[in-house]
Amino acid sequence: SDTGCGMSAEVGAHIFENRTNLTSFVVGTQIEAIGDYAFAGTNISSFTFAPGRTADQKLTVGNYAFANTSALGEVDFTNSNATVFGSSVFKDSSLTKITLPATLEKMGSYDEDGNLTALDCFDGCSDLEAFVVANGNEAFGADDGLLYGVTGGKVTDLYVVPAGKTGAVDIP
């Protein structure tokens, strides 16, 4: 929500951690950050982004923000304007499918020079079956549910094969 001082709000670190009575959440248009461990250990099954976010209202998602969530399922960040997912954002969650926004530039762990050291956002997500990436994302892509790195419009790296993916895998 708007702070009334021209400042943007954030969902603070640890604010809802381990609150098992929390089941859903709407991220308001003024929220620019979801803090570390903000929803970790909750029973949250859905969260949505309030309509009306403008292109300049970016969002960062902190380390372990949704770790150990037991009811998460499908998550759609398309309208979030998220630019960064921190380390282990969904670690050990019940995530089954995630749609990443066109605005996402970085996710995982980085060293002090800004080099990716681990794409660990989805570690332990044994139910994760598929990634979808919104059109226009210049850093990530998805094909057949797999997550790829993209540079200059070309697939450069296979980043994540979802742990819950079954059947044949087709790598382009």
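Our subject in this report is the structure included herewith. What you see is a predicted model; the values in this text were computed from it and never measured.

Analysis parameters
Each chain has its residues counted from 1, following the order in which its sequence is written. A pLDDT threshold of at least 70 governs which residues receive local features in this predicted model, and a stricter bar of 80 or more applies before side-chain atom pairs are shown or counted, although totals over entire chains, interfaces and linings include all residues. Excluding hydrogens and water, the side-chain values take into account all heavy atoms of the structure. Following DSSP output, two strands are said to pair if at least two bridges run between them. A helix here means a DSSP run of H or I that spans at least four residues, while a strand means a run of E at least two residues long, and both kinds are numbered starting from the N terminus. The convention used is that axes are lines fitted to C-alpha atoms, helices contributing only their stretch in contact, and that angles between N-to-C directions extend from 0 to 180 degrees. Between rings of Phe, Tyr and Trp, where Trp is taken as its six-membered ring, a pair exists when centres lie within 6.5 Å; planes separated by under 30 degrees are stacked, by over 60 edge-to-face, and by other angles tilted. The rule is simple: take the accessible area with a 1.4 Å probe, protein chains only, and divide by the maximum for that residue type; under 20% is buried, over 50% is exposed, in between is partly exposed. Throughout, a contact is declared for two residues whenever any of their heavy atoms are within 4.5 Å. We define a nonpolar core as any set of buried Ala, Val, Leu, Ile, Met, Phe, Trp, Tyr and Cys residues linked to one another through side-chain atoms lying within 4.5 Å. Only residues whose relative accessible area exceeds 30% and that form no salt bridge enter a patch; like-charged residues are grouped when within 9 Å of one another, and nonpolar side chains (Val, Leu, Ile, Met, Phe, Trp, Tyr) when within 5 Å. Working definition of accessibility: Shrake-Rupley area with a 1.4 Å probe, residue cover restricted to the visible protein chains. We define a salt bridge as a side-chain nitrogen of Lys or Arg found within 4 Å of a carboxyl oxygen belonging to Asp or Glu. Two residue types count as positive, namely Lys and Arg, and two as negative, namely Asp and Glu; His and chain ends fall outside the count. Throughout, a charge is located at the NZ atom of Lys, the CZ atom of Arg, the CG atom of Asp or the CD atom of Glu.

Examining the sheet that holds strand 8 (residues 95-100)
At step 1: Spatially, 6-8-12 is the arrangement adopted by the three strands of the open sheet, whose pairing is parallel. Each end of this open sheet is capped by a strand with a single partner; those strands are strand 6 (73-76) and strand 12 (130-133). Neighbour-to-neighbour, the strand axes of this sheet turn through a mean angle of 10°, independent of strand direction.
At step 2: Here strand 6 pairs with strand 8 via four bridges, running parallel. In the sheet register, Glu74 faces strand 8, and the bridge partner there is Lys97.

Some points on the packing of aromatic side chains
At step 1: Summed over all chains, the structure comprises 16 aromatic pairs.
At step 2: A ring pair is formed by Tyr37 and Tyr64, whose centres lie 4.9 Å apart and whose planes are at 5°; its orientation type is stacked. You can see Tyr37 sitting in the loop between strand 3 (31-34) and strand 4 (46-49) and its partner Tyr64 sitting in the loop between strand 5 (59-61) and strand 6, a full 27 residues away along the chain.
At step 3: On the basis of relative accessible area, Tyr37 is assigned to the partly exposed category, the value being 28%.
At step 4: For Tyr64, a relative accessible area of 26% translates into the label partly exposed.
At step 5: Geometrically, the ring pair formed by Phe140 and Tyr159 is tilted, given 6.0 Å between the ring centres and 55° between the ring planes.

Quick word on the environment of Asp120
At step 1: Assignment of secondary structure puts Asp120 in the loop between strand 11 (116-118) and strand 12.
At step 2: For the pair Asp120 and Ser109, spaced 11 residues apart in the sequence, the C-alpha separation amounts to 6.9 Å.
At step 3: The contact partners of Asp120, leaving out residues within four places of it in the chain, are Ser87, Ser88, Gly108 and Ser109.

Details of the nonpolar core
At step 1: Core analysis: the biggest nonpolar cluster contains 40 residues, and Phe66, Phe77, Phe85, Phe90 and Phe122 have the highest contact counts within it.
At step 2: Broken down by secondary-structure element, the contributors of at least two residues to this core are strand 1 (9-11), strand 2 (24-27), strand 3, strand 4, strand 5, strand 7 (82-85), strand 8 and strand 12.
At step 3: Examining the composition of this core, we find that three residues originate from one element, strand 8, more than from any other.

As for unusual backbone geometry
At step 1: In this structure, His14 takes a positive phi of about 65° despite not being glycine.
At step 2: Considering the arrangement of structural elements, one finds His14 in the loop between strand 1 and strand 2.
At step 3: The class of His14 is partly exposed, set by a relative accessible area of 42%.

Topic: a negative patch on the surface
At step 1: There is a patch of like negative charges on the surface, built from Glu74, Asp76, Asp127 and Glu129.
At step 2: Turning to its location among the elements, Glu129 is positioned in the loop between strand 11 and strand 12.
At step 3: On the basis of relative accessibility, which here comes to 47%, the residue Glu129 falls in the partly exposed class.

Comments concerning the sheet that holds strand 14 (residues 146-151)
At step 1: With antiparallel pairing, the three strands of this open sheet are ordered in space as 13-14-15. Every other strand in the sheet has two partners, leaving strand 13 (140-143) and strand 15 (154-160) as the edge strands with one partner each. Strand-to-strand twist across the sheet, computed as the mean angle between neighbouring axes with direction ignored, equals 40°.
At step 2: Two strands pair when backbone bridges link them, and strand 13 and strand 14 are joined in this way by four bridges, in the antiparallel orientation. Looking across to strand 14, one finds that Ala142 is bridged to Leu147.

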